[in-house]
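Listed here are the chains, written in short residue letters.
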Amino acid sequence: MNTNRLSKTLSDGLNSQMTKEAAASQIYLSYGAWADSEGYGGIANFLFRHANEERNHMTKFLEYILKRGAKVKIEAIPAPPADPTSVQDCFDKVLQSEIDNTNAIYKLVKMSFDEGDWATWNFLQWFVKEQTEEETLALNLLDKIKIAGGIKASGDALYELDRDLEKAPDEAQLAQTKTADNP
Ligand code: FEO
């Protein structure tokens, strides 16, 4: 009996999204390393925590594919783009990367809808909500940076932003608290 409950199209799409979430994690990691080397420890901390969240998203896709009896394909993760040129450029790129990810999720939602695969459609709704939150977070940060002067933001304004982001709430849990049941 065939125990694979995913179509080939959806299985390929979900696998590719799993790799995309891993790529998003690498982007946050590389921007975090850039921010730290520029002296923005708080921004770096925020970006590193977010890298962790993206890794959680990757795991959610992996577990779902396995749960539906399909094959997981672990593939190469594309290298992150070049370093940002300023704090504003960093968050412009973060927003663009989140929008790209939202568009990829929407394509999967449409595919699952067209196939009538309601289990996958339902699984993806968590990501639809998550993407809205992540875009809002990046947009709010960009607003703050623009108010502070954009690429000409003063050292004081960036210092404050850096301090705020150190403490900004997020959903990422520490890696050591993760288990197979709670990725
Ligand atoms: Fe998992 Fe920010 O997309």
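Reference entry: report on the structure contained in this document. What you see is a predicted model, and the numbers here were worked out from it, not measured in a lab. (Residues numbered from 1 in each chain as written. Predicted model: local features only at pLDDT ≥ 70, side-chain atom pairs only at ≥ 80, totals over all residues. Heavy atoms only, no water.)

**Topic: empty space enclosed by the protein**
Enumeration over the complete set of coordinates arrives at 1 cavity of 30 Å³ or more. Reported here for the largest cavity is a volume of approximately 50 Å³. Elements supplying a minimum of two residues to the lining of the largest cavity: α2 (41-67), α3 (87-115) and α4 (118-147). The greatest single-element share of the lining of the largest cavity, amounting to 4 residues, is contributed by α4. Partitioning the lining of the largest cavity into residue classes produces 7 nonpolar, 1 polar and 2 charged. (1 Å grid on protein atoms, 1.4 Å probe; cavity = no way out; pocket = protein on both sides within 12 Å on 5 of 7 lines; lining within 4 Å. Points joined across faces, edges and corners; volume = space filled by probe spheres on them. Helix = DSSP H or I, 4+ residues; strand = E, 2+ residues; numbered from the N terminus. Nonpolar A, V, L, I, M, F, W, Y, C, P; charged D, E, K, R; others polar.)

**A word on helix α5 (residues 155-167)**
Since the α-helix turns once every 3.6 residues, residues separated by three or four places project in the same direction. For α5, which comprises 13 residues, the first-to-last C-alpha distance of 19 Å matches the rise-based estimate of 18 Å (1.5 Å per residue) to within 8%. For α5, every residue scored as buried is listed here: Leu158, Leu161, Asp162 and Leu165. Buried residues of α5, viewed axially, fall in a sector of 100°; they line one side. Turned more than 90 degrees away from the buried face of α5 sit Asp156, Tyr159 and Lys167, all of them exposed. Looking at the buried positions of α5, the neighbouring elements they touch are α2, α3 and α4. (Expected span 1.5 Å × (residues − 1). Buried < 20%, exposed > 50% of the residue type's maximum accessible area, 1.4 Å probe, protein only. Arc of directions from axis to C-beta. Contact = heavy atoms within 4.5 Å.)

**A few points about α4**
Taking 1.5 Å as the rise per residue, α4 with 30 residues should run 44 Å; its terminal C-alpha atoms sit 43 Å apart, in good agreement. Among the residues making up α4, those that are buried are Thr120, Phe123, Leu124, Phe127, Val128, Glu130, Gln131, Glu134, Ala138, Leu141, Leu142 and Ile145. Against α1 (8-37), α2, α3 and α5 lie the buried residues of α4. After α4 finishes, the residue Gly149 shows a positive phi value of roughly 120°.

**Some thoughts on the environment of Glu115**
Relative to the helices and strands, Glu115 is located in helix α3. Considered as a pair, Glu115 and Gln96 are 19 residues apart in the sequence and their alpha carbons are 29 Å apart. One polar contact links Glu115 to Ser7, side chain to side chain, over a distance of 2.7 Å. (Polar contact = N/O pair within 3.5 Å; in protein donor to acceptor, adjacent residues only side chain to side chain.)

**Quick look at the pattern of salt bridges**
Tallying each qualifying case throughout the model produces 5 salt bridges. Where Lys110 meets Asp114, a salt bridge forms, and the shortest distance between an N and an O atom there is 2.8 Å. Highlighted residues: Lys110 and Asp114, both in helix α3, separated by 4 residues, approximately one helical turn. Taking the relative accessible area as the measure of exposure, Asp114 reaches 52% and is therefore exposed. Of the charged contacts, one joins Glu133 and Lys129 as a salt bridge, the two residues approaching to 3.4 Å between their closest N and O atoms. Taken together, the residues Glu133 and Lys129, both in helix α4 and 4 residues apart, mark about one turn of the helix. (Salt bridge = Lys/Arg side-chain N within 4 Å of Asp/Glu carboxyl O.)

**Brief notes about the packing of aromatic side chains**
The full count for this structure, using the stated rule, is 8 aromatic pairs. Their ring planes at 85° and their centres at 5.5 Å tell us that Phe113 and Trp118 sit as a pair that is edge-to-face. A residue is classified by how much of its surface remains accessible, and Phe113, at 49% relative accessible area, is partly exposed. An aromatic cluster is present here, built from Phe61, Tyr64, Phe123, Trp126 and Phe127 joined pairwise through their rings. (Phe/Tyr/Trp six-rings, centres within 6.5 Å; stacked < 30°, edge-to-face > 60°.)

**A few points about the nonpolar core**
In terms of nonpolar packing, the biggest core is built from 25 residues, with Ile43, Leu47, Val87, Phe91 and Leu165 touching the most fellow members. Apart from the residues lying within four places of it in its own chain, the contact partners of Ile43 are Ala35, Val87, Phe91, Leu161, Asp162 and Leu165. Counting 18 residues, the second-largest nonpolar core is a separate cluster that includes Leu6, Leu10, Ile105 and Val128. (Core = buried A, V, L, I, M, F, W, Y, C linked by side-chain atoms within 4.5 Å.)

Fair warning: the whole summary comes from geometry, so function is off the table for now.
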